[in-house]
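Observations on chain architecture
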Amino acid sequence: MTADPKTIAAGHIWTFPGGIHPPERKELSNTYPLRELPLATHYSVPIKQHSGEPGDIIVRVGQTVLAGQPLTQVGVGFGLPVHAPTSGTVTAIGPGRIAHPSGLPDIVITITADGKDTFAPPLPIQDVATASRADLLEQLRQAGIAGLGGAGFPTAQKLALQRPLDYLIINGVECEPYISADDRLMREHATTILRGTDLLLDITQCPQALIAIEDNKPEAIAAMQAALTDYPRMQLRVVPTKYPSGGEKQLIQLLTGRQVPSRGLPIDIGLVMHNVGTAYAVARAIDHGEPLLQRVVTVTGEHVAKPGNYWVRLGTPVEHVLQVTRYTAEINQRVIMGGPMMGFTLPDLTVPVVKITNCILVPSTAELAPPQQEMPCIRCGACADVCPAQLLPQQLQWLAKAKDYDGLNQQNLFDCIECGACAYVCPSEIPLVHYYRKAKAEVRNIAREKAKAEVARERFEARNERLEREKAERLERHRKAAEARKQAQAEAVKAGADNPQDAVQAAIARAKARKAAQLKEQQANSETDGESS
Amino acid sequence: MSFTIATSPHTHQRRTTQQVMRWVYLCMVPGVAALTYFFGWGVWLQMLLALITAIFTEAACMWLRGRSARFAWRDHTAIVTALLLAVSIPAYAPWWIIVIGTSFSIVVVKHVYGGVGQNLFNPAMAGYVLLLISFPVQMTSWPVPQSLGQYTINFADSVSLVGSGYTQSGYNMEQLRTGIDGATMATPLDSMKTDLSRSLTPTEALAKPIFNDIAGVGWMWVNIAFLLGGLALIYLKIISWHIPGGLLLGLAVPSILISLFAPGQAIGLSVHLLSGATMLGAFFIATDPVTAATSNRGRLYFGLLIGFLTFVIRTWGGYPDGVAFAVLLANMCVPVIDKYTQPIAYGHGGRS
Amino acid sequence: MSVLTAILVFGGLALLFGLILGFAAVRFKVESDPIVDQIDAILPQTQCGQCGYPGCRPYAQAIANGDAINKCPPGGDATIKELADLIGVEAKPLDSAHGAEDVKKVAVIREDECIGCTKCIQACPVDAILGAAKHMHTVIAHECTGCDLCVEPCPVDCIDMVPVPTKPETWQWDLQQIPVKMVATADQES
């Protein structure tokens, strides 16, 4: 089937290679309506919650802040500000746990809540219809909106690229098991999501939008369908349930039959994709002036007594979330931020909920068995069968173990989306994705080192050149000075003064005479000594 | 208590190598049952000997390599190798045949190359070819299907035959292979090959008692039984259809062509498909993941190559059956097949 | 006569092949970097002088002239392997006489102790130290190659070599090194 515009418009759903069907377990959390999580006593807000540079901190320790007040500001770069999740006092600014798989610390602003939850006055755009595109983008940037689907790319930055677009795709697929945050949001806030989509269409000057939902969410499909009657520019697309159909590249393939070029962006093929949560946040930011203060987080797993979807303020420690939802921990408990396929485990519960946190999963060993010992690869090829990127995972694994970085590049390691399908099916339980991540980090590291070495080499050469130049200059200066002196002397002699050369000769003669005299005296002394002994 | 740090994905399809291998040998049950029904208990003795040898040699290899034997036992690949070799060789071959073959398979073909997952050649088939070349007499002395033989072989006879080469009443293998008509009976493919080389037509060759069924007494049912087991493997998603499909196609197409263009000179389609080691090879041997091609397209070509080579060896080669040689030859081609059948990665200009 | 024929034939062939080879050498000439540039590109450019040469380029020159490839501790085994591949010799383990492979470090001046003598500035091979006479000096951290050369000349010993800290962006997925905090289980609490 060719990817011509008519076929796309007719609603054809393509397919993508590979993919898996892990147990979905969405019923654990998707039956409860969205609830507000009670406020915590303190919040730790990492200043960097998106991909890009952090802003500059504009609050001091001891300062009182209101909910929604910006804590950082961004300059001309591609950063995003973060905002106070509630009113209270800034009690610390410094390194603290952030939501990152490494568990490494980064700068965190700690706010002790005053419990009043007073909001700073919102600053909505007065007249959306006449507002300029730049104003809208600035509003989104000041609201701190990053892609809520997982990557955390600043939304305004994504929208700022002006290229001809065929479709805006709103991703409500949510293919990862357990997670139902987007599902519940679509069921309960369909109109706001579509309002946000409408705004996104205007900002991107895109003619039409496709809203994609996996067919395992009939309620969300019904809710969105009902709301769609007011929006003729949008169409609903129901995609079959298969992991990872919600991956950006895979969803594009499903809906349009196109492939994002390697190392390219969807915009290169006339598409742009946003998550339903992002669309919701866009609508709230533009219509109501609300900065991104909270998001829907699925709290689930058999070790949580009150699973469900909660509005959680950004910066809320996971500990608070889990206490409210009454978790019980077993020996060697895993607490996973994100879903079971792509999430990462937390080293402790001080980690805060951030813009990209869509799920907190506290599984029992029975439901998600811990990884077994890695066995040798038997080259069964099950991984290649399920790889949605059509890579050869086992080949990559051998190359990664051998640290053959050229080979890894040839086998397109960087086209791996780390979906984990290969590791899911591996009968030898090889943590394949882990090997790829490590290899990717190493390749990036090598590239960084190479770039640094290049700079060092340039600086070294520049310095050597400078030293050479300085030496040459110095010699030249000395030569000139000597010449000048000679000339001055010559002129002095000509003028009738003593030739300094004569004076030198005279001094040498004097020294010789003195030496001769000394010698004679010594000899005389030694003779008298000899007599006395 | 502390939290556990683990790497994503945190969920796994619980199908370990051990389970895969267990399914493989469970699906051999119909084939083994058919072998038992037609040829007596010998196959069980061979399997027992092969298993014991495999377990001990594997442990010895792991010990020499300074690793834990339990680690190697756990994946059950040695069991599958041993069982495949045991059902491939004549049911009443002397005990040392299977011991030598299994030891070679495990020690040389598997561990010398670096253990499970590292071997270039299919261990069972490499072991089989070693035995076939070294001990041609023992390796071609297939017993007569029990319905055609003069003598019935009970369990005690089986033990005695495998252990000493004689039944309890003193018959040796050569005598046992004599049919009711007093002539030494060969396997269907062997008989066919000999007759065709004597310029008999296939119809004349098929007139022998061994061909009382369509494709050889007993052999046909053994093949059908392995086919059933193999279909179960496909149904259970242990193997994909590509290798067996390719193999059967690679064997069937040239045999149809040759019977169309040169009728009366070659083995027919039904004998090709339902005799010898065709089904065992197609579903159980060629599908060994370690030594097969990895992509589905590659697997198809790999199967086609084995099928075609089997056809060539059976038709023009010196041996009656050629599955083992074909598998080994195709094993050698795997790196090339893999290189040229690599799928185009997402975003590299492929079409969806 | 036949000898003459043979000589003529082979002479003719030799001439022909000579011409073909000569033509090929001109026609298909491969422009490649001079070997010193290629070697220099592999070396880590710390300019530390641990190899015994005053910088990476002089060492590259020395390798091109046949010196051993295992004298570069900052590059370590990876660099030795790459060099071995490039010039087609056996990779050898690092020569311990020139030092051991170490974690990447960066120089830090304890600024309140600095007397402003400029000796380190003169020692720095990549001009990564900023300062003037009788004024405090400081290291431009991202330009520092960690070569160690500024530590020795400092008369007041106020320069420390500190390991480059791992940041989340440069983390290498060493899951085992994550510090895991002990927490009480529900059972222990009750």
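Everything in this summary refers to the structure shown in the same document. Note that the structure is predicted; figures quoted are calculated from it, not measured.

The helix and strand inventory of chain B stands at 18 helices and 0 strands. Against the compact-globule benchmark of 20 Å for 352 residues, chain B has a radius of gyration of 21 Å, which places it among compact chains. For chain B, the spread of C-alpha atoms along the three principal axes comes to 75 × 50 × 30 Å. For chain B, the residues scored as buried account for 53% of the 352 residues in total. Considering only contacts within chain B whose residues lie at least 6 apart along the sequence, 75% involve residues at least 24 apart.

As a further point, take the sheet that holds strand 2 (residues 42-46) of chain A. All names here are of chain A. The 4 strands lie next to each other as 2-7-6-4, forming an open sheet whose pairing is antiparallel. The sheet terminates laterally at strand 2 and strand 4 (64-65), the two strands that pair on one side only. With 2 bridges joining them, strand 4 and strand 6 (residues 88-97) adopt antiparallel strand pairing. Following the sheet pairing, Thr 64 is matched in strand 6 by Thr 89.

It is worth spelling out unusual backbone geometry at this point. The residue after A:Tyr243, namely A:Pro244, is reached through a cis peptide bond having omega 0°. Of note, A:Pro244 is situated in the loop between strand 10 (234-239) and helix 7 (248-256). Following B:Ser8, the chain continues to B:Pro9 via a peptide bond in cis, the omega torsion being 0°. Mapped onto the elements, B:Pro9 comes out in the segment before helix 1 (17-26). Notably, C:Asp148 is not glycine yet its phi reads approximately 85°, a positive angle. Among the structural elements, C:Asp148 can be located in the loop between strand 3 (138-139) and strand 4 (159-163). Residue class for C:Asp148 comes out partly exposed when judged on the 19 C-beta atoms lying within 10 Å of it.

A separate point is the nonpolar core. Ranked by internal contacts, the top residues of the largest apolar core, which has 240 residues, are A:Ile169, A:Val282, A:Ile360, B:Leu83, B:Ala86, B:Phe302 and B:Val327. Those residues in contact with B:Phe302 that lie beyond four places of it in its chain are B:Ile243, B:Gly246, B:Ala292, B:Ala293, B:Ala330, B:Val334 and B:Ile337. A:Ala456, A:Phe460, C:Val126 and C:Leu149 belong to the second largest nonpolar core, which has 18 residues in total.

The subject of this paragraph is helix 1 (residues 2-27) of chain C. The periodicity of an α-helix, 3.6 residues per turn, causes residues three or four positions apart to be oriented the same way. If you check helix 1 of chain C, its first and last C-alpha atoms are 37 Å apart, about what 26 residues at 1.5 Å a residue would give, namely 38 Å. In terms of burial, helix 1 of chain C is largely open, as just 0 of its 26 residues are buried.

Quick look at the sheet that holds strand 15 (residues 344-345) of chain A now. Residues and elements named next belong to chain A. The strand order 1-13-12-16-14-15 describes an open sheet built from 6 strands, whose pairing is mixed. Taken across any chain shown, the strands that pair with only one partner, and hence form the sheet edges, are strand 1 (35-36) and strand 15. Relative to strand 15, strand 14 (residues 336-337) runs antiparallel, the two being bridged by 2 bridges. Bridge pairing links Ile 336 to Thr 345 in strand 15. Its contacts with the sheet put helix 4 (residues 181-188) on strand 12 (294-300), strand 13 (308-313) and strand 16 (359-361), and the angle it makes with strand 12 is roughly 125°.

A word on helix 2 (residues 35-42) of chain C. All names here are of chain C. Among the residues of helix 2, Ile 39, Asp 40 and Ile 42 are the ones counted as buried. End-on, the buried residues of helix 2 take up no more than an arc of 155°, which puts them together on one face. For helix 2, the elements touching its buried residues are helix 3 (56-64) and helix 4 (76-87).

Residues and elements named next belong to chain A. With 5 bridges connecting them, strand 2 and strand 7 (residues 105-113) associate as antiparallel partners. In the sheet register, Tyr 43 faces strand 7, and the bridge partner there is Ile 111. As judged from the 9 bridges shared by strand 6 and strand 7, these two strands associate in the antiparallel manner. In the sheet register, Val 90 faces strand 7, and the bridge partner there is Ile 111.

Thresholds, definitions, all that
- Residues numbered from 1 in each chain as written.
- Chains lettered and ligands numbered in written order.
- Predicted model: local features only at pLDDT ≥ 70, side-chain atom pairs only at ≥ 80, totals over all residues.
- Helix = DSSP H or I, 4+ residues; strand = E, 2+ residues; numbered from the N terminus.
- Rg over C-alpha atoms; globule rule 2.2 N^0.38 Å.
- Buried ≥ 20, exposed ≤ 12 C-beta atoms within 10 Å, placed from the backbone.
- Contact = placed C-beta atoms within 7 Å.
- Pairing = 2+ DSSP bridges.
- Core = buried A, V, L, I, M, F, W, Y, C linked by C-beta atoms within 7 Å.
- Expected span 1.5 Å × (residues − 1).
- Axes fitted to C-alpha atoms, helices over the stretch in contact; angles between N-to-C directions.
- Arc of directions from axis to C-beta.

Geometric descriptors of this kind do not, in isolation, establish any biological role.
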